[in-house]
Amino acid sequence: MKAGVIAVQGDVAEHAAAVRNAAAAHDEPAAVVEVRDAGIVPECDVLLMPGGESTTISRLIHREGIAAEIRDHVASGKPVLATCAGLIVCSRDAKDDRVDALGLVDVSVDRNAFGRQKDSFEAKVPVTGLDDPFHAVFIRAPLIDEVGADVDVLATVDGRAVAVRDGPVVATAFHPELTDDPRIHDLAFFPEREVVA
């Protein structure tokens, strides 16, 4: 499996380690490549859109010609895991003119809705498809405030969606790569062979 991590900005190394762990749980080797330029995404089987600064990620993927390749990747049915800022960039509506959203996930989001850096928190979150709750890390997390009819809500906190699936895209408001639990990456990339922690 060739996994591409969109590496223009954000927590790249953590996602690379997490997807390797998820693949290893299925005895499948994963070659991880960092995507900073056009031409790499078409070679990838799966993509990861990490957290970071959504306005910067959006600007750079459009400037470097990566945005259209990500759209083509999803249109061909290949999976994507988008986390935190990645969720914002992949959304239908980021509610911020500085973010040229890709429209890959039929949701609207409020950036930093859970508060500033000091308001970051962790919570045990039940996730559809996982037998046990996931230890979710929320850092300046966005809020999914509107969900399209064909989007599956996978997890909520206080009645608010924090993880969704829209076709081949799984998107979370939290950072699964900051734990040693590979199950969210597993859910995104090996949904037919889920592993229990």
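Our subject is the structure listed above.
These notes cover the structure that comes with them.

**Details of helix α3 (residues 66–75)**
And step 1. Those residues of α3 that fall on the buried side of the exposure criterion are I66, A67, E69, I70, H73 and V74. Down the axis of α3, the buried side of the element spans an arc of 165°, and every buried residue falls inside it. α3 presents D72 and A75 as exposed residues on the side facing more than 90 degrees away from its buried surface.
And step 2. Contact partners of the buried residues in α3: β1 (2–6), β2 (31–35), β3 (46–49), α2 (54–63), β4 (80–83) and β12 (169–172).
And step 3. Of the residues trailing α3, G77 is marked for its positive phi of about 90°.

**A short note on the side chain of T172**
And step 1. Considering the arrangement of structural elements, one finds T172 in strand β12.
And step 2. In this structure T172 comes out as buried when scored by relative accessible area, which is 1%.
And step 3. Once residues lying within four places of it in the same chain are set aside, the contact partners of T172 are A82, T83, C84, L87, V162, A163 and I184.

**Remarks on α2**
And step 1. Every buried residue of α2 is listed here: S54, T55, I57, S58, L60 and I61.
And step 2. Where α2 is buried, its residues touch β1, β3, α3 and α4 (85–90).
And step 3. G65, located one to two residues past α2, shows a positive phi value of around 80°.

**Some thoughts on the packing of aromatic side chains**
And step 1. Applying the stated rule across the entire model yields three aromatic pairs.
And step 2. An aromatic cluster of three or more residues is present, and its members are F121, F134, F138 and F174.

**A few points about the pairing of strand β8 (residues 134–138)**
And step 1. By the criterion of burial, β8 is predominantly enclosed, with four of the five residues buried.
And step 2. One ladder, built from five bridges, connects strand β7 (residues 121–125) with β8; its direction is antiparallel. Paired with F121 across the strands is F138, a residue of β8.

**What to know about unusual backbone geometry**
And step 1. The residue K95 is not glycine, and still its phi comes out positive at about 55°.
And step 2. Within the secondary structure layout, K95 lies in the loop between β5 (91–93) and β6 (105–110).
And step 3. Positioned with a positive phi, D158 is a non-glycine residue whose angle comes to about 55°.
And step 4. Here D158 lies in the loop between β10 (152–157) and β11 (160–166).

How each quantity is defined
- Residues numbered from 1 in each chain as written.
- Predicted model: local features only at pLDDT ≥ 70, side-chain atom pairs only at ≥ 80, totals over all residues.
- Heavy atoms only, no water.
- Buried < 20%, exposed > 50% of the residue type's maximum accessible area, 1.4 Å probe, protein only.
- Helix = DSSP H or I, 4+ residues; strand = E, 2+ residues; numbered from the N terminus.
- Arc of directions from axis to C-beta.
- Contact = heavy atoms within 4.5 Å.
- Phe/Tyr/Trp six-rings, centres within 6.5 Å; stacked < 30°, edge-to-face > 60°.
- Pairing = 2+ DSSP bridges.

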